[in-house]
Amino acid sequence: MVPLLSLGIGLLLLLLWARYKGIEYVLVHHRWIFVCLFLLPLFILFDIYSQFRAWVVQKLHSAPLQHSQRVRYIQAQVREWKKEGQKTYMCTGRPGWHTVSLRVGKYKKSHKNIFINLMDILEIDTERQVVRVEPLVTMGQLTAYLNPLGWTIPVVPELDDLTVVKLLFKHVIIYIPNCASLTDDLLLLFCLFYLFFLQEENSDLFYAVPWSCGTLGFLVAAEINIVPVKKYIKLHYEPVRGLKAICKRFTEESEKKENHFVEGLVYSLEEAVIMSGVLTDEADQSKVNSIGNYYKPWFYKHVEKYLKANKTGVEYIPTRHYYHRHTRSIFWVLREILPFGNNPVFRYLFGWMVPPKISLLKLTQGEAIRKLYEQHHVVQDMMIPIKSLEKCIETYHSDIKVYPLWLCPFILPNNPGMVHPKGDETELYVNVGSYGEPQTKHFEARASTRQMETFVRSIHGFQMLYADCYMTREEFWEMFDGSLYHKLRKELQCSDAFPEVYDKISKAARH
């Protein structure tokens, strides 16, 4: 009884203090209070519902049966749009706050919302080694389904809440270089008709869809290649000091064909840890680290221990734990919302509730917090040729000084579409991710981001389209190759049905 009374008195005092200071003050300067008391419990309830729903759908095998019915509903909405005279563009009816993107699209309020409630795994075909999924299936949902069956997709994005449609339409290059592929069951709805396509049979569509951000059609299903999964990732940690040495070692590890995974975390201009990993079924049990358990240190803080100790190391991480190693701390963004989130006491008592849903954070952030993040926070992913990595890190250090930086290599093939190397050959690129509060005194959101965008264009790099984009339309199409994209929009008569990609992703289109 006494503990409950103490808790009640504590909550009462907290409410009185919040009323005295003002709700806006508390939400801006002490957001962790709102996150801990309200958002984390809401997330737990939502997660229980989602897992229960997925379990029921899987046991009843209802997803394939309902898929056709849901697609017919999408068709009916498009027909209704045509009957209304096609007065506005179409877009998905999914609320802007419900996505992982940093901002909310303004166009949702003015365009015809087409509701696409497609969030299930439809079937797995082990003979063809493909899994057929609906567009709103998340990476966490997919690996939880596939791994117990002994399968996985070749490369898995790190955050649980990233969806199939987001990756195919916005981030396809990083995650499926000759691994996961769009195939005949990637079904696009163009105005009133369906179009099936294979890479060989309709290569224009195959290469134009990535990065189109839903401006060529609506995705209703996709087939993704799967491969047999192994139990562990044998991960090697190597601390490196000196910028030239960092770039040299990262490039060397990225070029090794025997490496299944390569990642770099840059903690300062002169300090980084380079990690390389391979899949294996055998493990030294004394070196197994289940890093995904709720009580474990956040991954980027765990990696930093090797830098501080100045020693190399090897661990065996369960495969699914490694795939989602950055989820619990949302890379390192959560440190700004829950400064004590990596504290051992908090991890052991409440770590099972972390992370809060990004969508709920967006929904409850309010105008004051939105402006604060817009002006004093950076979330950017820039893809650059690996040969320009040293110059890029120096530029980031000068312009924004956000650490850690995330380095993720990938092969950029010389294929048609919006994103490809400048020359005629396949080229090794690296994604440089910067997430956090800039430490440079001269940082100004618009001017500093435009400076970064200018640099990336100058080395023939590309900006991820989920992030704030301050480029003009001319600068955007200087960065991206729009020849095939514009050709298909004309051929498929998309210009009256969907906005141009720039009009969906530019800063002017988001808030």
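Everything numeric here is computed off the predicted structure, so don't read it as measured data.

### Side note on the pattern of salt bridges
Piece 1. Tallying each qualifying case throughout the model produces 22 salt bridges.
Piece 2. Between arginine 473 and aspartate 503 there is a salt bridge, with the nearest N and O atoms lying 2.7 Å from each other. On the criterion of sequence distance, the pair formed by arginine 473 in helix α18 (residues 473-479) and aspartate 503 in helix α20 (residues 502-505) is long-range, its members being 30 residues apart.
Piece 3. Assessed through its relative accessible area of 31%, arginine 473 is described here as partly exposed.
Piece 4. Given the relative accessible area of 33%, aspartate 503 is considered partly exposed.
Piece 5. One salt-bridge network, held together by shared partners, links Glu238, Lys248, Arg249, Glu252, Glu253 and Lys256.

### Points about the packing of helix α16 (residues 389-399) against helix α17 (residues 445-458)
Piece 1. Where α16 meets α17, the axes come as close as 11 Å, and the angle between the chain directions of the two elements is 170°. Of the possible angle classes, the one that applies to α16 and α17 is roughly antiparallel. Residue-level inspection shows Lys391, Cys392, Thr395, Tyr396 and Asp399 of α16 in contact with α17, the latter providing Ser448, Gln451, Met452 and Phe455.
Piece 2. Broken down by class, the residue content of the contact of α16 with α17 amounts to four nonpolar, three polar and two charged.

### Section: the packing of aromatic side chains
Piece 1. Enumeration according to the criterion identifies 23 aromatic pairs in this entry.
Piece 2. When the centroid spacing of 5.8 Å and the interplanar angle of 40° are considered together, the rings of tryptophan 332 and tyrosine 435 count as tilted. Here tryptophan 332, found in the loop between α11 (319-323) and α12 (334-337), pairs with tyrosine 435, found in strand β16 (residues 427-436); they are 103 residues apart in sequence, far enough to count as distant. The pair tryptophan 332 / tyrosine 435 is uniform in exposure class, with both members buried.
Piece 3. Geometrically, the ring pair formed by phenylalanine 340 and phenylalanine 346 is edge-to-face, given 5.3 Å between the ring centres and 65° between the ring planes.

### Observations regarding α17
Piece 1. With 14 residues, α17 should cover 20 Å at 1.5 Å per step; its first-to-last C-alpha distance of 20 Å lies within 8% of that length.
Piece 2. Buried within α17 are the following residues: Ala445, Ser448, Thr449, Met452, Glu453, Phe455, Val456 and Arg457.
Piece 3. Phi for histidine 460, located one or two positions after α17, is positive at around 60°.

### What about the side chain of threonine 138?
Piece 1. Within the secondary structure, threonine 138 sits in the loop between β4 (130-133) and α5 (139-146).
Piece 2. The buried category is assigned to threonine 138, whose relative accessible area is 19%.
Piece 3. Among the polar contacts listed, one links the side chain of threonine 138 to the backbone nitrogen of glutamine 141, at a separation of 3.1 Å.
Piece 4. Excluding anything up to four places from it in sequence, threonine 138 contacts Asp160, Asp161, Leu162 and Thr163.

### Looking at the packing of helix α9 (residues 243-255) against α16
Piece 1. Interaxial distance between α9 and α16 falls to 9 Å at its minimum, and their mutual angle equals 135°. In terms of orientation, α9 lies oblique with respect to α16. You can see that α9 and α16 cross each other, and the crossing is right-handed. Contacts between α9 and α16 involve Leu243, Lys244, Cys247 and Phe250 from the former and Leu389, Glu390, Ile393 and Glu394 from the latter.

### What about the nonpolar core?
Side chains of nonpolar character tend, in soluble globular proteins, to be buried together.
Piece 1. Of all hydrophobic cores here, the largest spans 139 residues; its most connected members are Phe476 and Phe480.
Piece 2. In terms of residues, this core owes the most to one element, strand β15 (residues 405-412), which gives six residues.
Piece 3. Residue contacts for phenylalanine 480: discarding those within four places in its chain leaves Trp211, Met418, Val419, Phe462, Gln463 and Leu465.

### Considerations on the environment of serine 483
Piece 1. Looking at where serine 483 falls in the secondary structure, it is placed in helix α19 (residues 483-491).
Piece 2. Sequence separation between serine 483 and glycine 417 is 66 residues, and the spatial gap between their C-alpha atoms is 7.8 Å.
Piece 3. Within polar-contact distance, the side chain of serine 483 engages the side chain of aspartate 481 at 2.8 Å.

### Some points on the pairing of β15
Piece 1. Most of β15 sits out of view: seven of its eight residues are buried.
Piece 2. Note that strand β11 (residues 261-268) and β15 share three bridges and pair antiparallel. Looking at β15, one finds that valine 266 is bridged to leucine 405.
Piece 3. Here β15 runs beside β16; their pairing, made up of eight bridges, is antiparallel. Paired with leucine 405 across the strands is serine 434, a residue of β16.

### Focus: the sheet that holds strand β17 (residues 462-463)
Piece 1. Here we have eight strands laid out as an open sheet, ordered β13-β10-β12-β11-β15-β16-β14-β17, and antiparallel in their pairing. What marks the edges here is a single partner per strand, and that holds for β13 (313-318) and β17.
Piece 2. Summarising the sheet, strand β14 (residues 378-385) and β16 pair through eight bridges and their orientation is antiparallel. The residue of β16 that forms the bridge with aspartate 381 is glycine 433.
Piece 3. Contacts between helix α10 (residues 299-309) and the sheet are confined to β10 (232-241), β11, β12 (271-280) and β13, with β10 contributing the most and set at about 55° to the helix.

### A short note on the environment of lysine 256
Piece 1. Mapped onto the elements of the fold, lysine 256 is located in the loop between α9 and β11.
Piece 2. Relative accessible area serves as the criterion here: at 34%, lysine 256 is assigned to the partly exposed category.
Piece 3. Note: C-alpha distance between lysine 256 and serine 276 (20 residues apart in sequence) is 9.6 Å.

### Quick word on the environment of arginine 510
Piece 1. Note that arginine 510 resides in the segment after α20.
Piece 2. Through-space distance from the C-alpha of arginine 510 to that of aspartate 468 is 8.3 Å; in sequence the pair is 42 residues apart.

### Description of the pairing of β13
Piece 1. Where burial is concerned, most of β13 is hidden: five out of the six residues are buried.
Piece 2. In this structure, β10 lies alongside β13, joined through six bridges in antiparallel fashion. Bridge assignment links leucine 235 to a residue of β13, and that residue is glutamate 315.

Parameters and conventions
Think of each chain on its own: its residues are numbered from 1, step by step along the sequence as written. The predicted origin of the model limits local features to residues at a pLDDT of at least 70 and limits the giving and counting of side-chain atom pairs to 80 or more, whereas totals for whole chains, interfaces and linings rest on all residues. With hydrogens and water set aside, each side-chain value is computed from the structure's full complement of heavy atoms. Whenever Lys or Arg places a side-chain nitrogen within 4 Å of a carboxyl oxygen from Asp or Glu, that contact is recorded as a salt bridge. Secondary structure elements are taken from DSSP: a helix is a run of H or I of four residues or more, a strand is a run of E of two residues or more, and numbering for both begins at the N terminus. Summary of the burial criterion: residues with accessible area below 20% of their type's maximum are buried, those above 50% are exposed, and those between are partly exposed, where the area comes from a 1.4 Å probe applied to protein chains only. Lines fitted to C-alpha atoms define the axes here, with helix axes fitted over just the stretch in contact, and angles between the N-to-C directions of these axes take values from 0 to 180 degrees. With respect to orientation, any angle under 35 degrees is reported as roughly parallel, any angle over 145 as roughly antiparallel, any angle of 65 to 115 as roughly perpendicular, and every other angle as oblique. We call two residues contacting when some pair of their heavy atoms lies within 4.5 Å. Nonpolar residues are Ala, Val, Leu, Ile, Met, Phe, Trp, Tyr, Cys and Pro. Charged residues are Asp, Glu, Lys and Arg, and all others, Gly as well, are polar. Two rings belonging to Phe, Tyr or Trp (six-membered ring only in the last case) form a pair when the distance between their centres is within 6.5 Å. Interplanar angles under 30 degrees mark stacking, angles over 60 mark edge-to-face geometry, and anything in between is tilted. By this rule the span expected of a helix is its residue count minus one, scaled by 1.5 Å. As used in this structure description, the phrase polar contact means that two N or O atoms lie within 3.5 Å; if the pair is within protein, one of them must be able to donate a hydrogen and the other to accept it, and residues adjacent in sequence are counted only when both atoms belong to side chains. Should the near helix be turned anticlockwise from the far one by less than a right angle, the crossing is termed left-handed; should it be turned clockwise, right-handed. Residues belong to one nonpolar core when they are buried, are Ala, Val, Leu, Ile, Met, Phe, Trp, Tyr or Cys, and are joined through side-chain atoms within 4.5 Å. Note on pairing: two strands pair once DSSP finds at least 2 bridges between them.

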